[in-house]
Amino acid sequence: MGVYDFDRVIDRRPFSACKYIGLDKSLIAMNVADMDFAVPPEITEAMHRRINCTNYGYTIMSDEDYQAVIDWSYKRHGSKILREELISTPGVLNTMRCSMYALTEPGDKVAVVLPLHTPSIRSAAMQGRIRCISWLKCDKNGDYTFDFEDLERHFQDGCKVLMLCSPHNPTGRVWRQNEMEKLAELLKKYNVFAISDEIHRDLIYPGHRHSVLADLPDMRERCITVFSGSKTFNLGGCHIGSAVIANAEVRSKVRDKLYEFGHECGRPPVFSLAAQTAAYQHGEAYLEELLVYLQKNIDLTMEYLADLPVKVRRPEASFLLWVDCRELDLNTAELNDLLSRAGIAADPGHYYDTDQIHNYTGKQHHFRLAVAMPRSILEKAMKNLRNILETYKK
Ligand SMILES: Cc1ncc(COP(=O)(O)O)c(C=O)c1O
């Protein structure tokens, strides 16, 4: 066993974990993209120290808090952040949206690449913007890549902004350097600004390397990078993150938008700030061990799903598995029935095709499994799922 106990089962139900809302008690939640592990002890200790102060008045980020983000970004991604280009934010989605509002007007076109997680699909059409959808191409092995010709058509057609997800949820792709370079060329050619959601960027498996779009030649001034420690350290409920914006005019506009929507940059919730700084200062050993544990969970899931009428590609980042279930030929009700008989809750694939998720009754092509949980629970879930899927074998 390593230093950190990822096998420990924590009952999150009494703490209103989102993943259990509306869920039958018997189901194992593999739906929401968060982890069921304890955070590194240094985070809990830092939060305790903050509690012990007994005063929780308005607080600003200190130089040490900023430096923790800067050092982490350089250490893990080789990405140099200048202090004045870094703003603290209340999370990733709201910052993606405020960035988009800052860069566009109602009636402007905003590109997104699907499949994509529903809230990000929604983002591109908010406040009167016109969402332009480009679909990833998927080859017969299940490998996804951009459809650059299609993206170029959207850019030619006047898209002002691309909202990117890198690494990609739900496919688990880590975009290769050459894919990012090609994308950067198109963004420059058509003067399209990029807002890059890099929330999954710390959870990269060996053999892959995350390329920060803004670090490619001539991209700094035309890119906003948004990230946080929320996936890495399971701090989703802390609602804290960062944005790097080299373009001073754009930075000021994004700050103004965040302010308009009720957030003063650099004044995060006190406990969230303590957690984030401790995570970035002390969390590296935890992350390394977590990645090993997650890889084993992915191995286990893939073993259980082998030789069944589903196909699953190994994710290159994060803890989400995008399972191709086209062979099963099921509609939404039938897939939900299969999953609940297997004792699990998972997202059906149409959540990643559209923001109109509630009334879709048609065929299901994929489902998404979040596997960041103690192995004993995962094993139970996968055994059940395998047993049910066996009955669909022809
Ligand atoms: C790609 C992506 N962006 C953003 C979020 C949510 O980020 P936040 O909670 O910081 O708004 C998620 C969570 O699943 C995600 O997968």
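Residues numbered from 1 in each chain as written. Predicted model: local features only at pLDDT ≥ 70, side-chain atom pairs only at ≥ 80, totals over all residues.

Considerations on the overall build of the chain
- Along the backbone of the chain there are 11 helices and 15 strands.
- In terms of C-alpha radius of gyration, the chain reaches 21 Å, essentially the compact-globule figure of 21 Å for 394 residues.
- Judged by the C-alpha coordinates and their principal axes, the chain covers about 60 × 55 × 40 Å.
- The buried share among the 394 residues of the chain stands at 46%. (Helix = DSSP H or I, 4+ residues; strand = E, 2+ residues; numbered from the N terminus. Rg over C-alpha atoms; globule rule 2.2 N^0.38 Å. Buried ≥ 20, exposed ≤ 12 C-beta atoms within 10 Å, placed from the backbone.)

Observations regarding the domain arrangement of the chain
- Here the domain parsing of the chain yields domain 1 (13–40 + 284–390) and domain 2 (56–282).
- Here the C-alpha centroids of domain 1 and domain 2 sit 25 Å apart.
- On the domain 2 side, the residues contacting the 26 residues of domain 1 number 28 residues.
- At the level of elements, helix H9 (284–304) and strand S12 (320–324) are the ones that each hand at least two residues to the side of domain 1 that touches domain 2.
- Grouping the amino acids of the side of domain 1 that touches domain 2 by side-chain chemistry returns 15 nonpolar, three polar and eight charged. (Domains from an automatic or database assignment. Contact = placed C-beta atoms within 7 Å. Nonpolar A, V, L, I, M, F, W, Y, C, P; charged D, E, K, R; others polar.)

Some words on the pairing of strand S15 (residues 366–370)
- Counting buried residues along S15, five of its five residues qualify, which places the element largely inside the surrounding structure.
- Residues of S15 alternate between two faces, with His366, Arg368 and Ala370 on one and Phe367 and Leu369 on the opposite face, all of them buried.
- Bridge count for S12 against S15 is five bridges, and the pairing is antiparallel. Each bridged residue has a counterpart across the sheet, and for Asp324 the counterpart in S15 is His366. (Pairing = 2+ DSSP bridges.)

Quick look at the site of the ligand
- Looking at the ligand, there are 14 residues lining it, with Ala33, Gly91, Val92, Leu93 and Asn169 nearest.
- By residue class, the composition of the shell around the ligand is five nonpolar, eight polar and one charged. (Near = placed C-beta within 6 Å.)

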